[in-house]
Amino acid sequence: MRWSLVTLLILSCLTSGIQAQEPPANLTAAERGYWFILNKPYLIPDFDNETFENLWQSWPVEERHRIESLPPEVRREEIFSYYGLTNRPGESSEKPLQYVVNENGQYYMNCFSCHGGEVAGRVIPGLPNSNYALQSLTDDVRTTKLRIGKPLSSRDLSSIFFPMGGSNGTTNAVMFGVALESYRDHDMNLLSFRSPPKLVHHDMEAPPWWHFKKRKYLYIDGFVEKDYRALIPFVLIRENDREQLDEWESDFKDIYAYLESIEAPKYPFNIDADLARAGELVFDNNCAECHGTYGKTDTYPQRTIPIEEIGTDPVRLQALSREHRANYGKSWLSHYGARKVKEDPGGYVAPPLDGIWASAPYFHNGSVPTLEGVLSLEKRPEVWKKESLEYDTNAVGITFSAFDHIPDEITAPALRRRYFDTSKSGKSNTGHDYPEMISQDDKKALLEYLKTL
């Protein structure tokens, strides 16, 4: 009964504010795709500008006191930072990269919420947003609306029961898709009733979008053949009927073209060229079989590693049932089976490593804060907390503090979500222990080489 209520709340959305918008003429398909993500809403509004500007009053008391005397423009910057939002690169507007903002000051979540972040002082569309505090933002929006007398949306209500993400930088996005798809028939018509799906809530880090061009199959388990319709499940809210999806197909073809166009960012700091050359040999002898080769003749095998071999957290693999995958393969989303679906992938796909320096934390669940930790099990903290936006050039990744457990004095949920606890379900940092056979000197060289990709 509970999940019936939750899923109905997810699917019953407000209709206000959705407007038809078209990009300027003479843009390429990829440029239109980028424009659509930034400027065209495909979901309902999450909040308006008045709600946004008052969010800080819902923060834990110590955080409120820290910013209550700040000027409004500085306070707005603090709100951005608190929730992991960034300015839009190349724009002077106050609109965040992660939200479409219309002329009425309504904010609609877009794809860059999870796939647009900041690293080494640079905002990069397509970068996993390792700072995004989605659960905290959702909770604070609901509390703020109640306090200032704004109506609640279905998302405000459903998130009371449906977790958005257990730690900052990760989200429960896979289950969003499962819930929304399960209340559609194979033609994507909304069903009046269907038994609730099995929901195995777990957190995932978003993959870098510059890997998209190399992949033939999508997601960490590679179960869906790449196609523009595979980008659509997250807009399957109730208001977006089949007719609306047909109207938007050309938009998503352009968004697909944009994803295909994205290049990995180059490492912005100094690299020891001699050490990196030595590391390339280590990589070719130990890593290339799964992760491919890089340089003038790139290769990428897209190899699925059985879960028993890779040993990383299995919850993501187990969360999608064979029935869910098979249903996807029979539906409009896969062109009724014209695009292949793997019903039992059996493991995780070794990802490409282009731009790996930028995409910390690592593993599909974001459990390892640095590449040094990927290469050395003893460098993987049990509990860790990002301490700043400063980039660690030695360990290659996030500047963090390590803990045995979340400190007892940290009681506010929003503050506890700043800690990544690898003992929690779906958050294990074990597995991928292949580098254990590599010497310390070779690991140092390999780490330097990975900066060059």
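Residues numbered from 1 in each chain as written. Predicted model: local features only at pLDDT ≥ 70, side-chain atom pairs only at ≥ 80, totals over all residues. Heavy atoms only, no water.

With that settled, consider the overall build of the protein. Regarding its fold elements, the protein presents 18 helices and 12 strands. Against the 2.2 N^0.38 benchmark of 22 Å for 453 residues, the protein shows a C-alpha radius of gyration of 22 Å, consistent with a compact globule. Its C-alpha atoms give the protein principal-axis dimensions of about 60 × 60 × 50 Å. Here the protein holds 453 residues, and 56% of them are scored as buried. Counting contacts in the protein only where the partners sit at least 6 residues apart, residues at least 24 apart contribute 68% of the total. Total accessible area on the protein stands at roughly 19,900 Å², and carbon and sulfur atoms take up 51% of it. (Helix = DSSP H or I, 4+ residues; strand = E, 2+ residues; numbered from the N terminus. Rg over C-alpha atoms; globule rule 2.2 N^0.38 Å. Buried < 20%, exposed > 50% of the residue type's maximum accessible area, 1.4 Å probe, protein only. Contact = heavy atoms within 4.5 Å. Areas by Shrake-Rupley, 256 points an atom, 1.4 Å probe, with all protein chains shown as cover.)

Within the structure shown, the criterion is met by 31 aromatic pairs. Geometrically, the ring pair formed by Y34 and Y258 is tilted, given 5.3 Å between the ring centres and 45° between the ring planes. Taken together, the residues span a long stretch of sequence, with Y34 in helix α2 (residues 29-39) and Y258 in helix α10 (residues 242-261) at a distance of 224 residues. Using a relative accessible area of 24% as the deciding quantity, one classes Y34 as partly exposed. Where W59 meets Y83, the ring centres are 6.1 Å apart and the plane angle is 75°; that geometry is what we call edge-to-face. (Phe/Tyr/Trp six-rings, centres within 6.5 Å; stacked < 30°, edge-to-face > 60°.)

Across the interface, helix α11 (residues 273-286) lies against helix α18 (residues 440-450) with an axial gap of 7 Å and an inter-helix angle of 100°. On the basis of their axis angle, the class for α11 and α18 is roughly perpendicular. Judged by residue contacts, L275, A276, A278, G279, E280, V282 and F283 of α11 engage D442, K444, A445, L446, E448, Y449 and L450 from α18. Within the contact of α11 with α18, the residues separate by chemical class into nine nonpolar, one polar and four charged. (Axes fitted to C-alpha atoms, helices over the stretch in contact; angles between N-to-C directions. Parallel < 35°, antiparallel > 145°, perpendicular 65-115°, else oblique. Nonpolar A, V, L, I, M, F, W, Y, C, P; charged D, E, K, R; others polar.)

For α11, with 14 residues, the first-to-last C-alpha span of 20 Å sits near the 20 Å given by 1.5 Å per residue. Of all the residues in α11, the buried ones are A276, G279, V282 and F283. The buried residues of α11 occupy one face: seen down the axis, they fall within an arc of 110°. Turned more than 90 degrees from where α11 packs its buried face, D274, R277, L281 and N285 sit exposed. The secondary structure elements touched by the buried residues of α11 are α12 (288-291) and α18. At the N-terminal boundary of α11, the capping side chain belongs to D272, with an oxygen 3.2 Å from the backbone nitrogen of D274. (Expected span 1.5 Å × (residues − 1). Arc of directions from axis to C-beta. Polar contact = N/O pair within 3.5 Å; in protein donor to acceptor, adjacent residues only side chain to side chain.)

Take helix α7 (residues 134-148) next. In this model α7 runs 21 Å from its N-terminal to its C-terminal C-alpha over 15 residues, within 8% of the 21 Å that 1.5 Å per residue would give. Listing the buried residues of α7 in full gives L134, Q135, S136, L137, T138, D139, D140, V141, R142, T144 and K145.

Time to look at the pattern of salt bridges. The tally for this structure, following the rule as stated, stands at 30 salt bridges. Put simply, E249 and R229 hold a salt bridge, and the shortest N to O gap is 3.0 Å. Placement of the pair is E249 in helix α10 and R229 in the loop between β7 (224-225) and α10, with a sequence separation of 20 residues. The exposure classification of E249 matches that of R229, with both residues buried. Via salt bridges that share partners, E63, R66, E78 and R418 belong to a single interconnected network. (Salt bridge = Lys/Arg side-chain N within 4 Å of Asp/Glu carboxyl O.)

Taken in spatial order, the three strands make up an open sheet running β11-β10-β12, and their pairing is antiparallel. Bordering the open sheet on either side are β11 (397-403) and β12 (419-421), each of which pairs with just one other strand. Strand after strand, the sheet turns through a mean of 40° between neighbouring axes, direction not considered. Relative to β12, strand β10 (residues 383-392) is paired through three bridges, and the arrangement is antiparallel. Within β12, the position partnered with K385 by the bridge is Y419. (Pairing = 2+ DSSP bridges.)

Moving on to the confidence of the model for the protein. Detailed conclusions should not be drawn from predicted coordinates in areas where pLDDT is low. Mean pLDDT for the protein: 93, with 96% of residues reaching 70 or above. Low pLDDT, under 50, characterises residues 1-20; the predicted model gives this stretch 54 contacts beyond four residues in sequence or across chains. (pLDDT = per-residue confidence, 0-100.)

A few words on the pairing of β10. In terms of strand pairing, β10 meets β11 through six bridges, oriented antiparallel. Across the sheet, Y391 pairs through a bridge with I398, a residue of β11. The turn linking β10 back onto β11 is made up of four residues, and V396 within it adopts a positive phi angle of 60°.

Before going further, it helps to spend a moment on unusual backbone geometry. The peptide bond linking A360 to P361 adopts the cis configuration, its omega dihedral lying at 5°. With respect to the helices and strands, the residue P361 is situated in the loop between β9 (347-349) and α16 (371-375). If you check the backbone angles, N26 has positive phi at about 70° while not being a glycine. Counting through the fold element by element, N26 comes out in the loop between α1 (2-11) and α2.

What follows covers the sheet that holds strand β3 (residues 106-109). Overall, antiparallel pairing links the three strands, which are arranged β1-β3-β2 in an open sheet. The sheet is open, and its two borders are formed by β1 (47-48) and β2 (99-101), each paired with just one other strand. When β2 meets β3, the two strands line up antiparallel, connected through three bridges. The residue of β3 that forms the bridge with Y99 is M109.

Membership of the largest hydrophobic core comes to 105 residues, with the highest contact counts inside it found for Y83, F252 and F283. When near neighbours in sequence (up to four residues on either side) are disregarded, Y83 contacts L55, W59, N131, Y132, A133, S136, L137 and D140. With six residues, the next largest nonpolar core counts I406, I410, A412 and L415 among its residues. (Core = buried A, V, L, I, M, F, W, Y, C linked by side-chain atoms within 4.5 Å.)

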